[in-house]
Amino acid sequence: MRAALPALAVLLVACSTGQGSEPVGHAASGPLSATLRRSPRGPGNFQYFLSVRNNGRVIFSSPGDPTQLIPRLVRPAGAPRWFPQQRAHLAGIAVLGGRRFAIVAEHNTGADCGEGTVGLVGSRGELVTVRNPCALDVAIGHGEVRLAGPYYAPGAPLVDPTIVRAAAILTFRGGKPVESPPYFRMRTSSPP
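The rules behind each value
- Residues numbered from 1 in each chain as written.
- Predicted model: local features only at pLDDT ≥ 70, side-chain atom pairs only at ≥ 80, totals over all residues.
- Heavy atoms only, no water.
- Helix = DSSP H or I, 4+ residues; strand = E, 2+ residues; numbered from the N terminus.
- Contact = heavy atoms within 4.5 Å.
- Disulfide = S-S within 2.5 Å.
- Core = buried A, V, L, I, M, F, W, Y, C linked by side-chain atoms within 4.5 Å.
- Buried < 20%, exposed > 50% of the residue type's maximum accessible area, 1.4 Å probe, protein only.
- Pairing = 2+ DSSP bridges.
- Axes fitted to C-alpha atoms, helices over the stretch in contact; angles between N-to-C directions.

A. Spatial organisation of the overall build of the protein. Secondary structure assignment for the protein yields zero helices and 13 strands. If you list the helices and strands of the protein from N to C, you get β-β-β-β-β-β-β-β-β-β-β-β-β. Sequence-distant contacts, at least 24 apart, represent 37% of the contacts inside the protein between residues at least 6 apart.

This is the structure in structure tokens:
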């Protein structure tokens, strides 16, 4: 007999169905669920679409104004590719400060090392984004989100990180996100 999953269990599903739009991730915990899909856009590129629902109602989607957690792809005149090149994955659902957040990690690049972004979408559609040049990894812990990547002091060149592998913890205190230590650029947005 199988043991029941905990109430906050996260279900992650990944599949590949070939051409057309394909689901690449789904996560659900209680009333909050998130789905990540991708569609081919030109050679070697995909457009990713994130949808977050609360009690079945869409509360957040990207790409789209005003948040642009996942940028829209564009094809410059005469260019053979769409830009930026993207990779995205759904890390799951985290419980932070007693509230549920869908966690998505995205990386986009053009000619340089690009930018890594971790987005936390709350149950009311609010968004916390953490950005870092070149890379930003994410892992979900108990009551926290762990972030890791190169740290660049103000003015440091991208070829020479100040700390090669910095780590920070994102938690919520008093209903507000707190990053400790504050290595990576964090921003909060109200629901769209």
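B. Region of interest: the state of the cysteines. Under the counting rule described, the total for this entry stands at one disulfide. Each disulfide pairs two cysteine sulfurs, and for Cys113 the partner residue is Cys134, the sulfurs being separated by 1.8 Å. Taking the sign of the S-S torsion, about -65 degrees here, the bridge from Cys113 to Cys134 comes out left-handed. Of this pair, Cys113 sits in the loop between β6 (99-109) and β7 (115-122) while Cys134 sits in the loop between β8 (127-133) and β9 (137-141), placing them 21 residues apart in sequence.

C. Highlighting the nonpolar core. Counting 19 residues, the largest nonpolar core has Ile103, Val118, Leu120, Val145 and Leu147 as the members making the most contacts within it. Among the elements of the structure, β5 (85-96), β6, β7, β8, β10 (144-151) and β11 (163-173) are those that each provide at least two residues to this core. Each residue touching Leu147, except ones within four places of it in the same chain, is listed here: Val118, Val130, Leu136, Asp137, Val138, Ala166, Ala167, Ala168, Leu170 and Phe184. One finds Val52, Ala88, Leu90 and Ala102 within the second-largest nonpolar core, a separate group that totals 18 residues.

D. Quick peek at the sheet that holds strand β2 (residues 32-40). Pairing is antiparallel in the open sheet, where four strands are placed in the order β1-β2-β3-β4. The open sheet has two edge strands, β1 (22-29) and β4 (57-62), and neither has a second partner. Here the strands of the sheet are splayed against their neighbours by 15 degrees on average, with no regard to which way each runs. In the sheet, β2 pairs with strand β3 (residues 46-54) via nine bridges, with the strands oriented antiparallel. Bridge assignment links Arg38 to a residue of β3, and that residue is Tyr48.

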